[in-house]
Amino acid sequence: MCRTGMRSSTERKKRVSKSRIQCQKDKRQKARPIVVRDEVAVVRDEVDNEKNTNKVQLKQSRKRQRRESEEKSPTVSLMDTKRGSSEKENGIMAHAPVLKEKTAKQSEPSSSKNPPRIKGASKSTVPPPERPSGSTTMLSCCMLDKNISYGTSNRHCKEKDTCRIRKGEEYMCSKAKPEAENICLDCFDTADVYKDKWTKKVNINNKREETIDCSECGDSWHKLCALHFEESFVCPNCCGGERDWILETDPNCEIDVFLAEKANKLVNEGNVSVASFTTKKSVTTRTLMPDFYQKDAKKKYGSTVDYVARAIYFFQIVDNISVAFFTMFAQEYHNLAGKSWCVIDYLDSVPWMTSTSKKPSRVYSQLILAYFEHMGKKGFKHGHLWANPPCPGDDYAFNVHPEFQKYLDRNALICWYQSLLEEGRKAGLISNFRNFREESADGKFNKPIDLPVFVKSLWQEVLLATQDKMLVNKEVAYNKINFEKSLEEDYKERAEDNFYIDLCGSQRLKPLPTQNLNSHEILGDRETFLDKCIAENWEFSSLRRAKYSSVGIIGLIKAARGQQ
Ligand SMILES: [Zn+2]
Ligand SMILES: [Zn+2]
Ligand SMILES: [Zn+2]
């Protein structure tokens, strides 16, 4: 069962008060499938090419049409020039890609008895997007309008896990908890709530980009264009040139150096740097397994499960700014019932990588393999991946992806993982890999307690969801036999989408470090990172915004390193 929807909340809220973020965090304690986004690195004129080649899809999608008008022609932007080569035809796309908008249509709720509503706010209710205005309020920094609104992502409909309120759509909002409790219009008709305690809203971000005046010439700039994070501002025209915002890889961090070297072999220009953070985590075993298996679980895992959460950020220099383009969140178990595991929990990318002869998806696959290769060399024996693509419009790590970014559907993602692992095996970067069907062929997973359970990953979700389902279903007796029977469907459904990897390396694994982890209270955790981006309006919807957001992130990294 795919519980993509459970992850809800993270994706929506803009300009959030603290309570909203906390609220979302609470909700997010649940499911969290692995996500990969594929994309095309796009320069503006290539966006237009794409439009030409996808006319049918364009016709089908009002949203996409809307985007077209938003995206047109900031080729004049000072900040957005000099994009590198396009990587439109990437490897993942070869495996039956699904356009974001198309998937969005498929995933809309279909159970409503009411006639379909015409969704989307009228133009007048949506603030001006990021586009040139030609009006008198245009600023010279980018030739865009002075008042540009920020973007927004999906909101989660509280009535149904899989239901999303997309950008520009109307929805109902709880007056008591406006950020935490939202219901789509379709679900609201039948929702069991006090309807007078709800109010109608449109899913847009009302916050506009701020401006700042040069203290010498008085010219107004968008703070984003000025990459402004300080008190005073002197524009590049007055101070004689632009600063650079380059993040170096920390030479003392072994894995960062290893990954950066691998990445830089894949790009022609635009140096790639890497920053990673590790946090020690521990969960009680009780939370991992259903009631029936508590005793077995305690015997197998002990009373707690300890692991290291690792967050890895990749940046590439574009126009003298290290721009974030790929991120990986992993869990590293030094001893999980006697085995060592590296689990890639989340991947996310934005299409701002440039200057490579390889397709972006090829670069990502090499980076994933490089991670497993490195961990194998450090003595880890097993790796794990779960192919579970995002619901279009959801943000897992980077806040607000460009609307043109393409997603792989589940089958394409499975193929992509399969082929990258195949390639890794051939190249000797990993020793071997199997999908769930192959891994369970020898009866290894005869009992639920034998399943490989990682924190908030596939099998924990499946087991707990099965328990929840049985508890509400009064027609089937709640016992172990029925529980295991109902899992058989999941075994079939999940036969191909999760992978078990044997890592290479003969070194003995050092015990879980007790201290000196390289933690970061914001960047060390995917959710706090996303919340920070939301709170600061650090978006990745355009290169211009990705540059500013990246400079903000680099500020956090440099502050943590004691640099400024
Ligand atoms: Zn500007
Ligand atoms: Zn709904
Ligand atoms: Zn000036």
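Residues numbered from 1 in each chain as written. Chains lettered and ligands numbered in written order. Predicted model: local features only at pLDDT ≥ 70, side-chain atom pairs only at ≥ 80, totals over all residues. Heavy atoms only, no water.

Going by what an unreviewed UniProt entry lists, the protein is known as histone acetyltransferase and is assigned to Caenorhabditis remanei. Looking at the Subcellular location (unreviewed entry) heading of the UniProt record, one finds this comment for the protein: "Nucleus". (UniProt positions renumbered as here; feature names shortened; annotations may be inferred.)

Participant: Describe helix 17 (residues 543-561), naming the residues involved and giving the relevant values.
Facilitator: Taking 1.5 Å per residue as the helical rise, helix 17 with its 19 residues ought to reach 27 Å, and the 26 Å between its terminal C-alpha atoms agrees with that figure. In terms of burial, helix 17 is largely enclosed, as 14 of its 19 residues are buried. (Helix = DSSP H or I, 4+ residues; strand = E, 2+ residues; numbered from the N terminus. Expected span 1.5 Å × (residues − 1). Buried < 20%, exposed > 50% of the residue type's maximum accessible area, 1.4 Å probe, protein only.)

Participant: Go over the pattern of salt bridges, please, and point to the residues and values.
Facilitator: Close approach of charged atoms lets side chains of opposite charge pair. Here the structure, examined in full by the defined rule, presents 27 salt bridges. Residue E210 is joined to K223 by a salt bridge in which the shortest nitrogen-to-oxygen separation is 3.5 Å. Of this pair, E210 sits in the loop between strand 5 (198-202) and strand 6 (211-213) while K223 is found in helix 7 (residues 223-226), placing the two residues 13 residues apart along the sequence. Classification of E210 by relative accessible area gives partly exposed; the value is 41%. The partly exposed category is assigned to K223, whose relative accessible area is 23%. Between E439 and R434 there is a salt bridge; the shortest N-O distance is 2.4 Å. We classify E439 as buried; its relative accessible area is 6%. Taken together, the shared-partner salt bridges in this structure form one network comprising E209, E539, R544 and R545. (Salt bridge = Lys/Arg side-chain N within 4 Å of Asp/Glu carboxyl O.)

Participant: Go over the coordination of the zinc ion (ligand 2), please, and point to the residues and values.
Facilitator: C157 (SG), C163 (SG), C184 (SG) and C187 (SG) make up the full set of protein donors to the zinc ion (ligand 2), lying at 2.3 to 2.4 Å. One way to put it: the four donor atoms around the zinc ion (ligand 2) meet at angles of 95 to 120°, and that makes the site tetrahedral. For the zinc ion (ligand 2), the single-chain donor residues occur in sequence as C-x5-C-x20-C-x2-C. Taken together, the residues span a long stretch of sequence, with C157 in the loop between strand 1 (155-156) and strand 2 (164-165) and C187 in helix 6 (residues 185-190) at a distance of 30 residues. (Donors = N, O, S within 2.8 Å, 3.2 Å for Na, K, Ca; no water. Tetrahedral: all angles 85-135°; square planar, octahedral: opposite > 155°, others 65-115°.)

Participant: I'd love a proper account of the confidence of the model for the protein, names of residues and values included.
Facilitator: When pLDDT is averaged across the protein, the result is 78; 75% of the residues are at 70 or more. Contacts from residues 1-35, a stretch scored under 50 in pLDDT, to residues over four places away or in other chains number 132 contacts. Below a pLDDT of 50 lies the segment residues 38-128, which in the model reaches 187 contacts outside its immediate sequence neighbourhood of four places, other chains included. (pLDDT = per-residue confidence, 0-100. Contact = heavy atoms within 4.5 Å.)

Participant: Quick rundown of the sheet that holds strand 4 (residues 182-184)? Include the residues and the values.
Facilitator: Taken together, three strands build an open sheet; the order of strands is 4-3-5 and the sheet is antiparallel. In the strand order of this sheet, the two ends are held by strand 4 and strand 5, each with one partner. Across the sheet, the mean angle separating the axes of adjacent strands is 35° when strand polarity is ignored. Sheet topology places strand 3 (residues 170-174) next to strand 5; five bridges connect them, and they run antiparallel. Bridge assignment links S174 to a residue of strand 5, and that residue is W198. (Pairing = 2+ DSSP bridges. Axes fitted to C-alpha atoms, helices over the stretch in contact; angles between N-to-C directions.)

Participant: An account of the sheet that holds strand 9 (residues 304-318) is requested, with residue identities and associated values reported.
Facilitator: Overall, mixed pairing links the seven strands, which are arranged 8-9-10-11-12-14-13 in an open sheet. The open sheet has two edge strands with one neighbour each: strand 8 (272-284) and strand 13 (430-435). Across this sheet, the average inter-strand angle for adjacent strands is 20°, counted without regard to direction. Helix-sheet contacts for helix 12 (residues 410-426) involve strand 11 (339-349), strand 12 (382-386), strand 13 and strand 14 (498-503), and the interaxial angle to strand 13 is about 150°.

Participant: Any details on the coordination of the zinc ion (ligand 1)? Residues and values, ideally.
Facilitator: For the zinc ion (ligand 1), every protein donor is listed as C141 (SG), C142 (SG), H222 (ND1) and C225 (SG), and the spread of their distances is 2.2 to 2.3 Å. Taken together, the four donor atoms surrounding the zinc ion (ligand 1) define angles of 94 to 124° at the centre, an arrangement classified as tetrahedral.

Participant: So what's going on with unusual backbone geometry? Which residues, and what values?
Facilitator: Positive phi, close to 50°, is recorded for D319, a residue that is not glycine. Tracing the backbone through its elements, the reader meets D319 in the loop between strand 9 and strand 10 (321-336). Not every positive phi belongs to a glycine, and V400 is a case in point at roughly 60°. Note that V400 resides in the loop between strand 12 and helix 12. Residue classification places V400 among the buried positions, given a relative accessible area of 6%.

Participant: Tell me about the side chain of N399, residues and numbers included.
Facilitator: Mapping N399 onto the fold places it in the loop between strand 12 and helix 12. By relative accessible area, N399 is classed as buried at 1%. Within polar-contact distance, the side chain of N399 engages the backbone oxygen of C533 at 3.5 Å. (Polar contact = N/O pair within 3.5 Å; in protein donor to acceptor, adjacent residues only side chain to side chain.)

Participant: Account for the pairing of strand 14, with residues named and values stated.
Facilitator: Most of strand 14 sits out of view: six of its six residues are buried. Burial of the side chains of strand 14 extends over both faces: N498, Y500 and D502 are buried on one face and F499, I501 and L503 on the other. Sheet analysis places strand 12 next to strand 14, joined by five bridges and oriented antiparallel. Bridge pairing links H382 to D502 in strand 14.

Participant: Give me the lowdown on the pairing of strand 9, citing residues and values where you can.
Facilitator: In terms of residue burial, strand 9 counts as a mostly covered element, since 12 of its 15 residues are buried. Here strand 8 pairs with strand 9 via 13 bridges, running antiparallel. Each bridged residue has a counterpart across the sheet, and for K280 the counterpart in strand 9 is V308. Judged from the 11 bridges that link them, strand 9 and strand 10 form a sheet pairing that is antiparallel. Residue pairing for strand 10: Q316 is matched across the bridge by V323. Counting the residues in the hairpin turn of strand 9 and strand 10 gives two residues, including D319, whose phi is positive at 50°.

Participant: Describe in detail the environment of M289, supporting the description with residues and values.
Facilitator: In this fold, M289 is placed in the loop between strand 8 and helix 10 (294-301). Separated by 178 residues in the primary sequence, M289 and Q467 have C-alpha atoms spaced 9.6 Å apart. Excluding residues that lie within four positions of it along the chain, M289 makes contacts with Q294, A297, P448, I449, V453, L463 and L464.

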